Structure formats: C-alpha cells, structure tokens
Amino acid sequence: MRIGELARRGGTTTRALRYYESLGLLTARRTANGQREYDEHDLRLVAEIRSLTGIGFALEDTRPFVECLRDGHTSGDACPASVAVYRRKLAELDECIARLEGARERVRAQLDQAEQRSRPCRR
C-alpha cells in the first residue's frame, strides 16, 4: 500500500508517517519509481505507535515495542525492553500523580482559608 492508504488506515497523516520513518520507527520500501510502499506489518507498527502515544508515551518510548514486533512477536510488549518501558512510565505517572495530589491539597487549604476570611460578619 502507498503512504496515503497507510495513513488513512492507520488513523494518522502522511506527515506523521514520514516523521516515524525519519526516527527509524517505520521503514518504507521503495518502488521502482521511488514511491514509498508499505504492507500489513507496517500498519501493525503504526497501530502500536499510535496506541502508545495515545496514552502518553513519547515516540522514542515506542521503539522497544516496535522492535519487538519487528522481531516477530505477536505483541509489542512481549519483550523485556518493552516491559521496562512500561515500568518506567508507570513510575513517572505515579510521581506525577503524587505531585498533583500535593498541589490539590495546597489549593484546598488555600480555598478553606479564603472561605474563612470571606464569610460575612454578623452584626
């Protein structure tokens, strides 16, 4: 399939596909006249990349998953390097959640103080 069809079927743009290619996440074969050509396996790689970036993974974080699929595994997370990325990402999320919870508590405390100060005085 050509790049336009891959983009359409993969739910992305041709520009994104070219960018994935520039990062080495996707490898296009070339026809005799130089046009990019892809197959169903490439569509699976694009789906994996889009799925992971859709939940907040950076493109570079998708590399172990893509390589795992290229190595013939049926799932991009079947390899130890992919599992390591999951673990790292989960730790990052836990840290972010802890920071947000702390910020929420500080805002809650400020709101409570503001509400105490803004209560109308009784005469």
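Here the structure is a predicted model, which is why all the values come from computation and not from measurement. (Residues numbered from 1 in each chain as written. Predicted model: local features only at pLDDT ≥ 70, side-chain atom pairs only at ≥ 80, totals over all residues. Heavy atoms only, no water.)

A. Broad picture of the packing of aromatic side chains. A full pass over the atoms with the stated rule returns three aromatic pairs. Here the aromatic rings of Phe57 and Phe65 are separated by 6.1 Å at their centres, their planes lie at 80°, and the arrangement is edge-to-face. Under the relative-accessibility criterion, Phe57 is labelled buried at 7%. By relative accessible area, Phe65 is classed as buried at 0%. Seen in terms of ring centroids, Phe57 and Tyr86 are 6.2 Å apart; in terms of plane orientation they differ by 90°. Their pairing is edge-to-face. You can see Phe57 sitting in the loop between α3 (40-54) and α4 (63-70) and its partner Tyr86 sitting in helix α5 (residues 80-117), a full 29 residues away along the chain. Linked through ring pairs, Phe57, Phe65 and Tyr86 together constitute an aromatic cluster. A cation over a ring is seen here: Lys89 above Phe57, with NZ or CZ 5.6 Å from the ring centre. (Phe/Tyr/Trp six-rings, centres within 6.5 Å; stacked < 30°, edge-to-face > 60°. Buried < 20%, exposed > 50% of the residue type's maximum accessible area, 1.4 Å probe, protein only. Helix = DSSP H or I, 4+ residues; strand = E, 2+ residues; numbered from the N terminus. Lys NZ or Arg CZ within 6 Å of the ring centre and 35° of its normal.)

B. Here's a closer look at the UniProt feature "domain: HTH merR-type" (unreviewed entry) in the protein. Taking the numbering used here, the UniProt-annotated feature "domain: HTH merR-type" (unreviewed entry) corresponds to residues 1-68. Secondary structure over residues 1-68 splits into 57% helix and 6% strand, and the C-alpha atoms at its two ends are 23 Å apart. (UniProt positions renumbered as here; feature names shortened; annotations may be inferred.)

C. Structural view of the nonpolar core. Among the nonpolar cores identified, the biggest contains 18 residues, and Leu6, Leu17, Tyr20, Leu25, Leu26, Tyr38 and Ile49 are the most heavily contacted of them. Among the secondary structure elements, those contributing two or more residues to this core are α1 (3-10), α2 (14-23), α3 and α4. With four residues, the top contributor of residues to this core is α3. (Core = buried A, V, L, I, M, F, W, Y, C linked by side-chain atoms within 4.5 Å.)

D. The UniProt feature "coiled-coil region" (unreviewed entry) in the protein, seen in detail. When the UniProt feature table is mapped onto this chain, "coiled-coil region" (unreviewed entry) is found at residues 86-117. Secondary structure across residues 86-117 comprises 100% helix and 0% strand; the distance between its end C-alpha atoms is 46 Å.

E. Spotlight on the packing of α3 against α4. The geometry of α3 relative to α4 is characterised by a closest axis approach of 10 Å and an angle of 155° between their N-to-C directions. Accordingly, the angle class assigned to the pair α3 and α4 is roughly antiparallel. Crossing handedness for the pair α3 and α4: right-handed. Mapping the contact onto sequence places His41, Arg44, Leu45, Glu48, Ile49 and Leu52 in α3 and Phe65, Val66, Leu69 and Arg70 in α4. When the residues that make up the contact of α3 with α4 are grouped by side-chain class, the tally is six nonpolar, one polar and three charged. (Axes fitted to C-alpha atoms, helices over the stretch in contact; angles between N-to-C directions. Parallel < 35°, antiparallel > 145°, perpendicular 65-115°, else oblique. Left-handed = near helix turned anticlockwise from the far one by under 90°. Contact = heavy atoms within 4.5 Å. Nonpolar A, V, L, I, M, F, W, Y, C, P; charged D, E, K, R; others polar.)

F. Highlighting the packing of α4 against α5. Two elements in contact, α4 and α5, have axes separated by 8 Å at closest approach and are oriented at 155°. Taken together, the axes of α4 and α5 lie roughly antiparallel to each other. Crossing of α4 against α5: the hand is left-handed. Contact residues: α4 offers Pro64, Phe65 and Cys68, while α5 offers Ala81, Ser82, Val85 and Tyr86. In the contact of α4 with α5, the residues fall into six nonpolar, one polar and no charged.

G. Main features of α5. In a regular helix each residue adds 1.5 Å, so 38 residues correspond to 56 Å; α5 covers 56 Å between its end C-alpha atoms and thus fits that length. Where α5 is concerned, the buried positions are Ser82, Val85 and Lys89. Of the surrounding secondary structure, the elements contacted by the buried residues of α5 are α4. (Expected span 1.5 Å × (residues − 1).)

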